[in-house]
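Structure at a glance
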Amino acid sequence: MAAGWDESELVTRAVSGDCDAFASLCERYRARVWRIISGIANGPDVEDLAQEAILKAFTSIHSYRREAPFGAWLCRIALNAAHDYRRSAWRRRVAVNALLPDRIDTSSPLPNDEAVRRETLVRVRREVALLPGHLRSAIWLHYFEQFTIQEVAALERVPESTIRSRLRTGLLRLSKALSYLIDLSEPDLSRPSRCEI
């Protein structure tokens, strides 16, 4: 059964045309692909874009050379799909709205601190969504998806110094927009902090 194979075996089989192996690989990264696309593209077409990225990977699997792990290769395809979505002229007219947390139970009152936390998450997501694409992408991949700076640089195909600069600029913009929420001390860019947004 495909689910029991290790990733290397699944990749070998997928490249050889095994659809079940490819599906098993994609299932391992489904949530991450969706989060990357929703973090960059945002909007009602996230599910379609995720499916488009998977389809693109499926039609390109024969060209996968194993220069990067399969997950990174698939995330790069998802990132490209999200960037293409953002760049298309007719999509630029669509307002970017922050996504509310999944299903809030309104039947019972939330404790005050939980309500404040949720409101803070909405505000942070809104401000990240308003950043220019190159800054939003770096922030999302590093802090939300936990990619290292080196991995983000590989995904974005730019030098690590460029990613560090984008992170610094993005965080400074966020600090101005959210100054009432955060400490304005210099951020540590050496490793991603866990972001629960």
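Everything below is about the structure printed above this text.
Presented here is an overview of the structure given in this document.

Calculation criteria
- Residues numbered from 1 in each chain as written.
- Predicted model: local features only at pLDDT ≥ 70, side-chain atom pairs only at ≥ 80, totals over all residues.
- Heavy atoms only, no water.
- Salt bridge = Lys/Arg side-chain N within 4 Å of Asp/Glu carboxyl O.
- Helix = DSSP H or I, 4+ residues; strand = E, 2+ residues; numbered from the N terminus.
- Buried < 20%, exposed > 50% of the residue type's maximum accessible area, 1.4 Å probe, protein only.
- Phe/Tyr/Trp six-rings, centres within 6.5 Å; stacked < 30°, edge-to-face > 60°.
- Contact = heavy atoms within 4.5 Å.

Summed over the entire model, instances satisfying the criterion amount to five salt bridges. The shortest N-O distance in the salt bridge between Glu145 and Arg32 comes to 3.5 Å. Of this pair, Glu145 sits in the loop between helix H6 (133-144) and helix H7 (149-156) while Arg32 sits in helix H2 (residues 19-40), and the two are 113 residues apart along the sequence. Exposure remark for Glu145: the relative accessible area of 2% places this residue in the buried category. Salt bridges here are not isolated pairs; linked through shared partners, they connect Arg32, Arg35 and Glu145.

Bringing the packing of aromatic side chains into the picture now. We describe a pair of aromatic rings using the distance from one ring centre to the other and the angle between the two ring planes. Scanning all chains against the criterion turns up six aromatic pairs. Ring centres 6.4 Å apart and planes at 90° place the aromatic pair Phe22 and Phe70 in the edge-to-face group. Separated by 48 residues along the polypeptide, Phe22 in helix H2 and Phe70 in helix H4 (residues 70-87) bring together distant segments of the chain. When its relative accessible area of 6% is taken as the criterion, Phe22 is described as buried. When its relative accessible area of 1% is taken as the criterion, Phe70 is described as buried. Each ring, one from Phe70 and one from Trp73, has its centre 5.6 Å from the other, and the planes form 45°; the classification is tilted. Taken together, the residues Phe70 and Trp73, both in helix H4 and three residues apart, mark about one turn of the helix.

For the rest of this paragraph, the subject is the environment of Trp73. Here Trp73 falls in the buried class, since its relative accessible area comes to 17%. Separated by 81 residues in the primary sequence, Trp73 and Ala154 place their C-alpha atoms 9.9 Å from one another. What Trp73 contacts, discounting residues up to four positions off in sequence, is Ala57, Ser60, Ile61 and Tyr64.

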